[in-house]
Amino acid sequence: MDAVDRKILAELQQDGRLTVTELAERVQLSLSPCHRRVRGLERSGAIAGYRAYLDPQALGLTFESLVFVTMTSADRATLDAFEDAVRELPNVLEAQRLFGDPDYLLRVITRDLPAFQQLYDDHLATLPGVQRLTSTLVMKTVAENRPLPLQ
């Protein structure tokens, strides 16, 4: 990956709806080489996909929580079952396995506290292998959906 590829990625992170013509102008390439580079970046996996960024507030999703999960055991079958079940929950925006205690961090969004309580009671607390859940409410998001650093 060279400097031109990094420029292409930076521009697409800012606006994934750029046409190839607009992108080529911004990175100072002609159309064909720019298109070839974008396709190469897609094939290599550097560009994993394109999607719209939605405003949760506008969609009525106003309650966000971070849920820390401590597991009963760390055997592969238990962790796989837990991770598979978490992937099925659309309200879990992110799930990360951590070193140490707790074992996982889940970023969860719902429309309000009652919806979170129902999700917590009916789904999160019943996930395979869960020993303990600890939640904290997100007061304010300071940085979100930021472009990856390309240095």
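Residues numbered from 1 in each chain as written. Predicted model: local features only at pLDDT ≥ 70, side-chain atom pairs only at ≥ 80, totals over all residues. Heavy atoms only, no water.

### Overview of the overall build of the protein
Just so we agree on the cut-off: Secondary structure elements follow DSSP: runs of H or I of four or more residues count as helices, runs of E of two or more count as strands, with numbering from the N terminus. Only C-alpha atoms enter the radius of gyration, while the globule expectation follows 2.2 Å times N to the 0.38, with N the number of residues. Each residue's exposure class comes from its accessible area (1.4 Å probe, protein chains only) as a fraction of the maximum for that residue type: buried when under 20%, exposed when over 50%, partly exposed otherwise. For this analysis, residues touch if any pair of their heavy atoms sits within 4.5 Å. The Shrake-Rupley method, run with a 1.4 Å probe sphere, supplies the accessible areas, and residue values consider only the shown protein chains as cover. When charges are counted, Lys and Arg are positive and Asp and Glu negative, with His and the chain ends excluded. Lys charges are placed at NZ, Arg charges at CZ, Asp charges at CG and Glu charges at CD.
Within the protein one finds five helices and four strands. Going from the N terminus to the C terminus, the protein shows its helices and strands as α-α-α-β-α-β-β-α-β. Whereas a compact globule of 151 residues would reach a radius of gyration of roughly 15 Å, the protein reaches 20 Å, over 25% beyond that. For the protein, the C-alpha atoms occupy an extent of roughly 55 × 35 × 25 Å along the three principal directions. For the protein, buried positions account for 27% of its 151 residues. Put simply, 61% of the contacts in the protein that link residues at least 6 apart link residues at least 24 apart. In the form shown here, the protein has an accessible surface area of approximately 10,300 Å², with 52% of it arising from carbon and sulfur atoms. The centroid of the 17 positive side-chain charges in the protein is displaced by 8 Å from the centroid of its 21 negative side-chain charges.

### Remarks on the pairing of strand β2 (residues 92-97)
Our working definition: Between any two strands, pairing holds if DSSP finds at least two bridges.
Bridge analysis of β2 against strand β3 (residues 104-110) gives five bridges, and the strand direction is antiparallel. In the strand pairing of β3, Arg-97 is matched with Tyr-104. Taken together, β2 and the strand that follows it, β3, pair antiparallel across an intervening segment of six residues, in which Gly-100 is found at a positive phi of about 80°.

### Concerning the environment of Asp-15
What counts here: For the purposes of these results, a polar contact is taken to be a pair of N or O atoms within 3.5 Å, where, inside protein, one atom must be able to donate a hydrogen and its partner to accept one; residues adjacent in sequence count only when each atom of the pair is a side-chain atom.
Positionally, Asp-15 belongs in the loop between α1 (3-14) and α2 (20-27). Residue classification places Asp-15 among the partly exposed residues on the basis of a relative accessible area of 30%. Spatially, the C-alpha atom of Asp-15 lies 19 Å from that of Ser-30, the residues being 15 residues apart in sequence. Within polar-contact distance, the side chain of Asp-15 engages the backbone nitrogen of Arg-17 at 3.0 Å.

### So, helix α5 (residues 113-122)
Using the following cut-off: The arc refers to the directions leading from the helix axis to the C-beta atoms.
Those residues of α5 not exposed but buried are Ala-115, Phe-116 and Leu-119. Buried residues of α5, seen end-on, are gathered within an arc of 100° and therefore sit on one face of the element. Packed against the buried residues of α5 are β1 (63-71), β3 and β4 (130-137). Among the residues of α5, the N-terminal cap falls to Asp-112, whose side-chain oxygen and the backbone nitrogen of Ala-115 are separated by 2.9 Å.

### Focus: the packing of aromatic side chains
Here is the rule: Stacked, edge-to-face and tilted labels apply to pairs of Phe, Tyr and Trp rings (six-membered ring for Trp) whose centres lie within 6.5 Å, assigned for plane angles under 30 degrees, over 60, and everything in between, in that order.
Scanning the model with the defined rule gives three aromatic pairs in all. With centroids separated by 5.4 Å and ring planes inclined at 40°, the aromatic side chains of Phe-63 and Phe-116 adopt a geometry described as tilted. You can see Phe-63 sitting in strand β1 and its partner Phe-116 sitting in helix α5, a full 53 residues away along the chain. For Phe-63, a relative accessible area of 13% gives the class buried. With a centroid separation of 5.8 Å and an interplanar angle of 55°, the aromatic rings of Phe-116 and Tyr-120 are classed as tilted. One end of the pair is Phe-116 and the other is Tyr-120, both in helix α5 and four residues apart, which spans about a single turn. Within the aromatic cluster, the residues linked to one another by ring pairs are Phe-63, Phe-116 and Tyr-120.

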